[in-house]
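Architecture and fold: a report
Listed below, chain by chain, are the residues.
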Amino acid sequence: MSKVSKKVLLKGNEVMVEAALSAGCRFFAGYPITPQNEVPECMSRRMPEVGGVFVQAESEVAAINMIFGASATGTRCMTSSSSPGISLKQEGISYIAAGELPCVIANVQRGGPGLGNIRASQGDYFQAVKGGGHGDYKLIVLAPSTLPELYELTQNAFDYSDYYRNPVMILGDGILGQMAEPVELKEYKPIVTLPEKDWILDGCEGRDPRVIKTLYLYPSDSLAVHNAHLKKKYEQIASELELFEEYKTEDCELVIAAYGMTARIAKAAIRLARDKGMKVGLLRPISLWPLANSAFMRLAETAKKFLVVEMSNGQFIEDVRLATECSVPVEFFGYGGGWYPTPENILERIEKVYTL
Amino acid sequence: MNFCRTESLIDTVTHYCPGCGHGIIHRLVAEVLDELGVREKTIATAPVGCAVLFYNYMKCDIIECAHGRSPAVATAIKRLLPENVVFTYQGDGDLAAIGMAETIHAANRGENITVIFVNNAIYGMTGGQMAPTTLLGQMSTTTEAGRGNNQEGPPIKVCELLSMLDGVTYLERVAVNDAKNVIKTKKAIRKGFLNQIEGRGFSMVEVLSMCPTDWKVSPLKAAEFVNIDMKSVFPLGVYKDEDGQ
Amino acid sequence: MASKQAKIVIAGFGGQGIVLAGNIIARACVKEDKHVAGMVSYGAEMRGGTANATVIVSDEEIASPFVEKPNMAIILNQPSLDKFEDRIVSGGLVVVNSTLVMRDVVRKDIEVVKVDALEIAKWLGNARVANVVALGAFISKTGILKMESIASAIEDLFARKKAALIAINKKALQEGMKVASRLES
């Protein structure tokens, strides 16, 4: 008899489903788009088994608005898509953020702009961390780099979302969604004390009617006041939530800054560089918003240089420059359009910038 | 007969123009909620358009939706809270232009919701632009020569369109231009809600309504416009009734 | 570090069970508590033509899930040999389905194991198990996983919907093994 392992082999897209269901997600609406199709497929099969609701929406626009409605009932809910579909969801995301409705949105990024291709990409960084839709709002953005981490962060995303009453985005990519890795399906345990949802719509029996709205037309219910409230909330999140990982940074002269899949590949490059005697480390933000600015600043004081590796023409690098306040040179290695780095070509770039 | 204040309406002054049909339709919906005793079980959606401030007038839980997205929002709410009463209140731009996809698909899925569709053939809130239901030859701020002279196409007839869908339960077009029609409208709205309560599926009541301000006519002329011009393009009646009464 | 990793590519045309073979290997890894990362071609890539799956098997944490230069390959048709022959690292091993691959492997620095996989599968009564015949030879040759783990993974994968196919797949696995051991002697 083979050894009993608690781990199961799943694709990243399936991992998200299992994590979401374990965390009590009971509503999913989505629309097919490669490379995230396993999410709605798996949800359509699994959601009825746990007594939840799955809807294949007529569009990403409808899907995100179903999330708007589902969240208003207090139900933990989720939608997923890939880059072009996430663009379509931006209107709804702005409303959800404005209405302070919790939900989880997964973006299994693919190459863009436009229809792009179906290979992995990190070209939606700006869209994810800078807003994406209209108006002043922020998403909490989490970027897992392994499937066990994807499982854990998806569970946690529901907690952050309920705790802060804010949408949370899981920013993955085609590789993370499509690759298979063993994952232990750990039982869900809330990581925060969850507040009571005293704002949900379920009929006004025994209480005053409630309204969920995003229009603030009159001075009497000033939009400025609402925005000030949101700003305060975002400041609170930024002060409380800074997730990052450091790898071999104790003595490093060159810091590779990368997130998600790129960071994972960079780790292999760092091992190769270390074998060659180069002091290279990795700073991997796990929350992209809020970004762990203090960790960047701390390493900028000891390291000589940063090297940003990302699967885009250069987006994350702008925040690295801001986070390090341009106190050290920040080099770049990345291409847009569905390119991914190998450990070898990151090593090549390390060798080039290390001595300069 | 005892005339008293409708419980489901909030005692306040509305922002609607003199002669507008929204006030009448709000009142009819409120009366029906009262009579069916479901106010405290009801969750409504507010549209984008003149009725965006619906929640200032109705005494029930309300979610204000993005333009045209009410049917999607209502879909999720009703699926999760099947014991509650869920209805959308939408104008012609909301339902038949920007939200047409959501409308058609919610209808075709047979979502067990009630849709109150107010058709006044114009964009009111934004100041009188062409609506998907604006009549041929009707002037608006974006069809100054009258609709149809610059490839706008004819008005969209929503009841007729949705009647093609097998998933739909009940479609009726009514009007609020005079007392007789107001009474018929209330009957239709009541049926729309009863269908939902009895689990019969998707019901939509299209209400032809007046917009004197953006039609740039007197309230009296506006009622006439509904009665003569609109009804000739949008004939009143039941377009679908799966129970066949 | 790199030497401890088996970087496997499995390639053929759609319908040859490329993904299934990768899945069997990956599940067997889970049973043996090995680190594993699998990728399959997806979307438009897998419509009409070649498909491939890659699997990394390792005793250590796997950083990059990509297989740029495989050190092991299971090649089920000729276009796949054309595509992957040059990418295999020197000293690597390739199992070739010689029923469908008409030409010889040109490279002299890689070990070639020819298996008449499709013929054997037909002889067993189901052409579709050619992938598992090749897999049997592959596991027997490389020894990266225990044959019991592979057999057990096959059971798991077929148990839900196609339990009737477990027996023939196990038979295919055995036949593949036999071919490989015959080649050895």
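First, a word on what this report is: a plain description of the structure on this page. (Residues numbered from 1 in each chain as written. Chains lettered and ligands numbered in written order. Predicted model: local features only at pLDDT ≥ 70, side-chain atom pairs only at ≥ 80, totals over all residues.)

Helix and strand content of chain A: twelve helices and 15 strands. Relative to the globule expectation of 21 Å for 356 residues, the C-alpha radius of gyration of chain A, 21 Å, shows essentially globular dimensions. With respect to the three principal axes, the spread of C-alpha positions in chain A is 70 × 65 × 40 Å. Every one of the 356 residues in chain A was classed for burial, and the buried ones make up 57%. Long-range pairs, those at least 24 residues apart, make up 79% of the contacts in chain A with a sequence separation of at least 6. (Helix = DSSP H or I, 4+ residues; strand = E, 2+ residues; numbered from the N terminus. Rg over C-alpha atoms; globule rule 2.2 N^0.38 Å. Buried ≥ 20, exposed ≤ 12 C-beta atoms within 10 Å, placed from the backbone. Contact = placed C-beta atoms within 7 Å.)

Take the interface of chain C and chain A next. Between chain C and chain A, the residue contacts involve 22 residues of the former and 23 residues of the latter. For the side of chain C that touches chain A, the residue count by class is eleven nonpolar, five polar and six charged. (Nonpolar A, V, L, I, M, F, W, Y, C, P; charged D, E, K, R; others polar.)

Packed helices, taken two at a time, are described by the angle between their axes plus the distance between the axes. Residue and element names in this part refer to chain B. At a minimum axis distance of 7 Å, the contact between helix α2 (residues 70–80) and helix α4 (residues 100–108) shows a crossing angle of 35°. Taking contact as the criterion, the partners of P71, A72 and T75 in α2 are, on α4, E102, T103 and A106. For the contact of α2 with α4, the residue count by class is three nonpolar, two polar and one charged. (Axes fitted to C-alpha atoms, helices over the stretch in contact; angles between N-to-C directions.)

Moving on, we come to the nonpolar core. Counting residues in hydrophobic clusters, the biggest one holds 262 residues, and the most contacted among them are M66, V141 and I256 of chain A, I116 of chain B together with V133 and A134 of chain C. Sort the elements by how many residues they give to this core and helix α1 (residues 18–31) of chain C lands first, with ten residues. Both domain 1 (7–184) and domain 2 (245–355) of chain A contribute no fewer than three residues apiece to this core. Excluding residues within four positions of it along the chain, I116 of chain B makes contact with I25, V29, F87, T88, Y89, I189, V205 and V207 of chain B. (Core = buried A, V, L, I, M, F, W, Y, C linked by C-beta atoms within 7 Å. Domains from an automatic or database assignment.)

Our focus in this paragraph is the sheet that holds strand β9 (residues 211–212) of chain A. Strand order in the open sheet formed by eight strands is β9(A)-β2(B)-β1(B)-β3(B)-β4(B)-β6(B)-β5(B)-β7(B), with mixed pairing between adjacent strands. Edge strands, defined here as strands with exactly one partner in the open sheet, are β9 of chain A together with β7 (237–241) of chain B. Sheet topology places strand β1 (residues 42–46) of chain B next to strand β2 (residues 61–64) of chain B; four bridges connect them, and they run parallel. Paired with A46 of chain B across the two strands is E64 of chain B, which belongs to β2 of chain B. Strands in contact with α2 of chain B are β1, β2, β3 (85–91) and β4 (114–119) of chain B; relative to β3 of chain B, the strand with the most contacts, it is inclined by about 175°. (Pairing = 2+ DSSP bridges.)

Take the pairing of strand β7 (residues 167–173) of chain A next. Residue and element names in this part refer to chain A. The buried fraction of β7 amounts to seven of the seven residues, a majority that puts the element mostly inside the structure. Neither face of β7 is left uncovered, since the one carrying P167, M169, L171 and D173 and the one carrying V168, I170 and G172 both have all their residues buried. Sheet topology places strand β5 (residues 103–109) next to β7; seven bridges connect them, and they run parallel. Of the residues in β7, the one forming a bridge with V104 is V168. Pairing analysis gives three bridges linking strand β6 (residues 140–142) to β7, with the strands arranged parallel. By the bridge assignment for β7, I140 is matched with V168. At this point the chain moves from β6, through helix α6 (residues 147–164), to the parallel β7, and the crossover so formed is right-handed. (Right-handed = clockwise from strand over helix to strand, strands pointing away.)

For the rest of this paragraph, the subject is unusual backbone geometry. Negative phi characterises most residues that are not glycine, and trans characterises most peptide bonds. Residue and element names in this part refer to chain A. In this chain, T34 is followed by P35 through a cis amide linkage whose omega measures 5°. By the secondary structure assignment, P35 is in the loop between β2 (27–30) and α2 (38–46). Residue G112 is joined to P113 through a cis peptide bond whose omega torsion reads 0°. Position of P113 relative to the elements: it lies in the loop between β5 and α5 (125–129). Residues other than glycine seldom take positive phi values, yet R165 does so here, at roughly 50°. Structurally, R165 is set in the loop between α6 and β7. In this structure, K248 is a non-glycine residue whose phi angle is positive, near 55°. Mapped onto the elements of the fold, K248 is located in the loop between β10 (244–247) and β11 (254–257).

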